[in-house]
Amino acid sequence: MESNRLSTASFPVLDRRSWLKSTGMAFAGLTVGTQFLSSSALAQHEADRSARRTEPVRLSGNENPFGPSQMATMAMMQNLERSFRYAGVETAALKKLIAEKEGVAEENIIMGVGSGEILEIYGLYLGKDKGEVVTVSPGYMQMVRAMERMGTKVISVPLNDKLEHDLDAMAAKVTANTKCVYICNPNNPTGTIVNPEKLKAFAIEVSKKCPVFIDEAYLQCADNFEANTMVGLVRDGHNVAVARTFSKLYGLAGQRVGYGVMKPELVKAVQEYSTGSLNLLGVVAATASLEDAAYAPETVAKIKAGRNALIDVVKGMGKKYAEPHGNFVFFQTGMPISMFADKMRAENVLVARPFPPMLDWARITIGTPEDMAVCHAALKKVLA
Ligand SMILES: Cc1ncc(COP(=O)(O)O)c(C=O)c1O
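The numbering scheme is per chain: residues are counted from 1 as the chain's sequence reads. Predicted model: local features are reported for residues with pLDDT of at least 70 only, side-chain atom pairs are reported and counted for 80 or more only, and whole-chain, interface and lining totals are derived from all residues. To obtain the side-chain values, all non-hydrogen atoms of the structure were included, while hydrogens and water were left out.

**Quick notes on the overall build of the protein chain**
Helix and strand definitions here come from DSSP, where helices need a minimum of 4 consecutive H or I residues and strands a minimum of 2 consecutive E residues; each element is numbered from the N-terminal end. Helix and strand counts for the protein chain stand at 16 helices and 11 strands. For the protein chain, with 384 residues in total, the buried portion stands at 52%. Throughout, a contact is declared for two residues whenever any of their heavy atoms are within 4.5 Å. Of all intrachain contacts in the protein chain linking residues separated by at least 6 positions in sequence, the fraction that spans at least 24 positions is 74%. Burial status follows relative accessibility: with a 1.4 Å probe on protein chains alone, a residue under 20% of its type maximum counts as buried, one over 50% as exposed, and anything between as partly exposed.

Structure representation (structure tokens):
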């Protein structure tokens, strides 16, 4: 197979060594984003940063405030002036790199404007046959809602007492009329993960009857990603699709890059429903992120430290929580979520929306240590 370095040579995406060379150690104390700024622009940038400090701490959207890899930031800056180009060549190169990393053929990859687009268009494609979709409650609803809009009936199975997917109960709901089973692993909003051996056996069996869709948006934040990803099932030819995104671990939510791994015939059929194409800066940033080998382990460690510290606070306040594996924690507040959210907002912290039927539980995203210090202080006051 032709190496990706050749395929990306026509546009600037740096590897870590050239990035360090080009920026020089003199920049070590600066954020990459400031290095091309004039002194007046730098002063404005600093003023904006301090103004932002007075804004609410946003722990509501499961974004990754540790931000993109510095190589990704650099790649975006280097490609700014090439923004007059459509990103066809760069998207093809990213797809090739993703296929290599996932160990599948390029024909197995479908690129999306965020993984949200994959969920939407896969849902539209399957929803045209109406029928039923099996999912959990509370769970992430984007794909399920797309099917529902097309006339599919949503069958929601409650989570078990550990707030994990109850795979046996889900399997029991699969009938000849089921068009898809959707699994979000780790689940949003609970953050719980499914035992990989059980999930694999479940997906193999169920996919003989209907397609199984596994949303791995947060799996890169979990321990032992390799043992937990279900891409191997696609590789083995099962009727399983996996979605992944650059929005979470890679800190690129605003750049809108995601992808799906599925059978080539599904890629072709689902692609028909796509209406957008990817943006150049997002694509070069995603490519650089994959080429920055150090970024993922460093960022997972920061997220995990933030998760553990937040659990300590929640536990210390005597509250129940779900075992988290994503970049967020879901816990019982002991009061209606609307009241909890208002009280947290009064302390300058934004938390996630309600997740029915668990209306006294809250989801809080892991922020930077500074964000989390504000959040911990607020929690100690609000939950006291
Ligand atoms: C489970 C899950 N899947 C998919 C998405 C879509 O994310 P994006 O479109 O940014 O890739 C989200 C966003 O929060 C999510 O929580």
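**Considerations on the pattern of salt bridges**
By definition here, a salt bridge exists when the distance from a side-chain nitrogen of Lys or Arg to a carboxyl oxygen of Asp or Glu is within 4 Å. Inspection of every chain in the model, using the stated rule, returns 11 salt bridges. In this structure, Lys381 engages Glu347 in a salt bridge whose closest nitrogen and oxygen atoms are separated by 3.1 Å. With a gap of 34 residues between them, Lys381 in helix 16 (residues 369–382) and Glu347 in the loop between helix 15 (337–346) and strand 10 (349–350) connect regions that are remote in the sequence. On the accessibility criterion, Lys381 (56% relative accessible area) is exposed. Put simply, Glu102, Glu216 and Arg244 are held in one network by salt bridges that share partners.

**Structural notes on the site of the ligand**
Throughout, near means a residue has at least one heavy atom within 4 Å of the molecule or strand. Near the ligand there are 14 residues, and of these Ser115, Asp215, Tyr218, Thr245 and Ser247 occur at the shortest range. Asp215 has a polar side-chain atom sitting 2.7 Å from a nitrogen atom of the ligand. Contact distances for the ligand include 2.6 Å between an oxygen atom and a side-chain N or O atom of Ser247. Accessible surface area values rest on a Shrake-Rupley calculation with a 1.4 Å probe, where residue burial reflects the displayed protein chains alone. In isolation the ligand has 390 Å² of accessible area, and contact with the protein removes 91% of it. It is helix 6 (residues 115–127) that contributes the most residues to the shell around the ligand, 3 residues altogether. Polar here means any residue outside two lists: the nonpolar Ala, Val, Leu, Ile, Met, Phe, Trp, Tyr, Cys and Pro, and the charged Asp, Glu, Lys and Arg; Gly therefore counts as polar. For the shell around the ligand, the class distribution of residues is 5 nonpolar, 6 polar and 3 charged. Any pair of nitrogen or oxygen atoms within 3.5 Å is treated as a polar contact; in protein, a donor-acceptor pairing is required on top of that, and neighbouring residues in sequence qualify only through side-chain atoms on both sides.

**Digging into the packing of helix 6 against helix 7 (residues 142–149)**
Axes, fitted as lines to C-alpha atoms, cover a helix only where it is in contact. Angles between the N-to-C directions of the axes lie from 0 to 180 degrees. It is at 7 Å that the axes of helix 6 and helix 7 come closest, and there the two elements cross at 35°. Read as a crossing pair, helix 6 and helix 7 show a hand that is right-handed. Of the residues in helix 7, those touching helix 6 at Gly116, Leu119, Glu120, Tyr122, Gly123, Leu124, Leu126 and Gly127 are Gln142, Met143, Ala146, Met147 and Arg149. Across the contact of helix 6 with helix 7, the residue classes tally to 7 nonpolar, 4 polar and 2 charged. What makes a crossing left-handed is the near helix being turned counterclockwise from the far one by less than a right angle; a clockwise turn instead makes it right-handed.

**Looking at the packing of aromatic side chains**
The rule is short: rings of Phe, Tyr and Trp, with Trp giving its six-membered ring, pair when the centres are within 6.5 Å, and they are stacked under 30 degrees, edge-to-face over 60, tilted in between. On inspection of all chains with the given rule, the structure shows 10 aromatic pairs. Seen in terms of ring centroids, Phe246 and Tyr250 are 5.4 Å apart; in terms of plane orientation they differ by 40°. Their pairing is tilted. Tyr250 carries the same exposure label as Phe246, and that label is buried. Aromatic rings pair up to connect Phe246, Tyr250, Tyr259 and Tyr295 into one cluster. Either the NZ atom of lysine or the CZ atom of arginine qualifies as a charge over a ring when it sits within 6 Å of the ring centre and within 35 degrees of the ring normal. Geometry around Tyr125 places Lys128 over its ring, the cationic atom sitting 4.1 Å from the centre.

**Quick notes on the sheet that holds strand 5 (residues 178–184)**
Read across the open sheet, the 7 strands follow the order 2-8-7-6-5-3-4; overall the sheet is mixed. In this open sheet, the two strands that pair with only one neighbour each are strand 2 (109–112) and strand 4 (153–158). Within this sheet the neighbouring strands show an average axis-to-axis angle of 20°, counted without direction. Bridging between strand 6 (residues 212–215) and strand 7 (residues 240–245) involves 4 bridges; their strand directions are parallel. Along strand 7, the bridge assignment pairs Asp215 with Ala243. On top of the sheet, helix 5 (residues 88–102) reaches strand 2, strand 7 and strand 8 (258–261); it is set at about 130° to strand 2, its chief contact. Here the rule is simple: two strands pair whenever DSSP picks up at least two bridges between them.

**Description of the side chain of Ser247**
Within the fold, Ser247 resides in the loop between strand 7 and strand 8. Note on Ser247: relative accessible area 6%, which makes it buried. In this structure Ser247 touches Asn64, Leu252, Ala253, Arg256 and Val257, once residues within four positions along its chain are discounted.

**Description of the environment of Arg145**
Within the secondary structure layout, Arg145 lies in helix 7. In this structure, the C-alpha to C-alpha distance between Arg145 and Gly123, residues 22 residues apart in sequence, is 7.8 Å. A distance of 2.8 Å separates polar atoms of two side chains, one belonging to Arg145 and the other to Glu148.

**A few points about the confidence of the model for the protein chain**
Should pLDDT be low for a region, the predicted coordinates there are not to be read in detail. pLDDT is defined as a per-residue confidence score from the predictor, taking values between 0 and 100. Scored by pLDDT, the protein chain has a mean of 91; 86% of the residues are at 70 or more. Low confidence marks residues 1–9, where pLDDT is under 50. Its contacts with residues over four positions away, or in another chain, come to 16 contacts. This stretch, residues 23–35, has a pLDDT under 50; its non-local contacts, to residues over four places away or in other chains, come to 14 contacts.

**What about the pairing of strand 6?**
Along any regular strand, the residues point their side chains to alternate faces of the sheet. Both faces of strand 6 are covered, namely the face carrying Val212 and Ile214 and the face carrying Phe213 and Asp215. One ladder, built from 4 bridges, connects strand 5 with strand 6; its direction is parallel. Within the sheet, the bridge partner assigned to Val181 lies in strand 6 and is Val212. With its strands directed away from the observer, a crossover is right-handed exactly when the path from the first strand over the helix to the second travels clockwise. In this fold, the crossover linking strand 5 to strand 6 by way of helix 9 (residues 196–206) has right-handed handedness.

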